[in-house]
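So you can see what is in the structure, the chains are spelled out below.
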Amino acid sequence: MGLPPSSTEPTRVAIATGDGVAVTEHFGYATQFQIWEFSGRAPRLVETRRNLPACGADRSAERRDPMDISVDLVADCRAVVVARIGECAINRLAALGILAFETEDAVATALRELADSTVLREPARA
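Residues numbered from 1 in each chain as written. Predicted model: local features only at pLDDT ≥ 70, side-chain atom pairs only at ≥ 80, totals over all residues. Heavy atoms only, no water.

**Examining the overall build of the protein**
Summing up its helical and strand segments, the protein has 3 helices and 5 strands in all. When each of the 126 residues of the protein is scored for burial, the buried share is 40%. Nonlocal contacts in the protein, meaning residues at least 24 apart in sequence, comprise 53% of its contacts between residues at least 6 apart. Only carbon and sulfur atoms are counted for the fraction: they give 50% of the accessible area of the protein, which is about 6,600 Å². (Helix = DSSP H or I, 4+ residues; strand = E, 2+ residues; numbered from the N terminus. Buried < 20%, exposed > 50% of the residue type's maximum accessible area, 1.4 Å probe, protein only. Contact = heavy atoms within 4.5 Å. Areas by Shrake-Rupley, 256 points an atom, 1.4 Å probe, with all protein chains shown as cover.)

Structure follows, in C-alpha cells:
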C-alpha cells in the first residue's frame, strides 16, 4: 500500500474524522482533520489539525470567511476525504487543485482505496 517509489514529494490527504476511526465529518462542520502522508510506503498519520467549522460559524466575530479558514487548513493537501461536502467547498478546493471524496467508510478503508488507486498520482489541476 502506498504510492510508487517514483513519487518524490509525499502527497498529503486530509481526512475529516471525529473519532479517528471512521470518516464522520461534513467538510463544513469538521472540527478536525487528520493529515496523512502518502509516499513510497504505507500512508502515515503526520498530524491532526483542529478546525473552526465553517458552517454555522458566527460570522460577525470573524474577519475572514470561515470557509476560507477551513480551506486554508487543508491547502497543502492533494485531497480531502469527508462524509459530506457542499458545492461551495468543492469549488474552493478545486480552485486549488484539491480533490474531494465523500465516504462513510473507516479511515483505514479510505486510505487503502486511495493508496491502491491512481488518483493521487495524477497531476493536480488548479
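That covers the picture; the talk isn't over yet.
**Quick notes on the nonpolar core**
One finds Ala14, Phe27, Phe33, Val74, Val80 and Leu93 to be the most contacted residues of the largest nonpolar core, which totals 17 residues. Listing elements by their share of this core, those giving two or more residues are β1 (11-16), β2 (32-38), α1 (66-73), β4 (79-82) and α2 (87-95). Among all residues touching Val74, those that are not within four sequence positions of it are Ala14, Phe27, Phe33, Arg49, Val80, Leu93 and Ile98. Counting 14 residues, the second largest nonpolar core, distinct from the first, contains Val23, Phe38, Val107 and Ala110. (Core = buried A, V, L, I, M, F, W, Y, C linked by side-chain atoms within 4.5 Å.)

**Focus: α1**
Those residues of α1 lying buried are Pro66, Met67, Ser70 and Val71. Viewed along the axis of α1, the buried residues span an arc of 140°, placing them on a single side of the element. Turning to α1, the residues buried within the fold contact α2. (Arc of directions from axis to C-beta.)

**Describing the side chain of Asn51**
Examined against the element boundaries, Asn51 turns out to sit in the loop between β3 (44-50) and α1. Within the structure, the side chain of Asn51 is placed 2.8 Å from the backbone oxygen of Ala30, a separation counted as a polar contact. (Polar contact = N/O pair within 3.5 Å; in protein donor to acceptor, adjacent residues only side chain to side chain.)

**As for the pattern of salt bridges**
Per the stated rule, a full pass over the model turns up 8 salt bridges. Among the salt bridges present, the one from Glu47 reaches Arg49, with a minimum N-O distance of 3.1 Å. One network of salt bridges, in which partners are shared, links Arg12, Glu37, Arg44, Glu47, Arg49 and Asp76. (Salt bridge = Lys/Arg side-chain N within 4 Å of Asp/Glu carboxyl O.)

Fair warning: the whole summary comes from geometry, so function is off the table for now.
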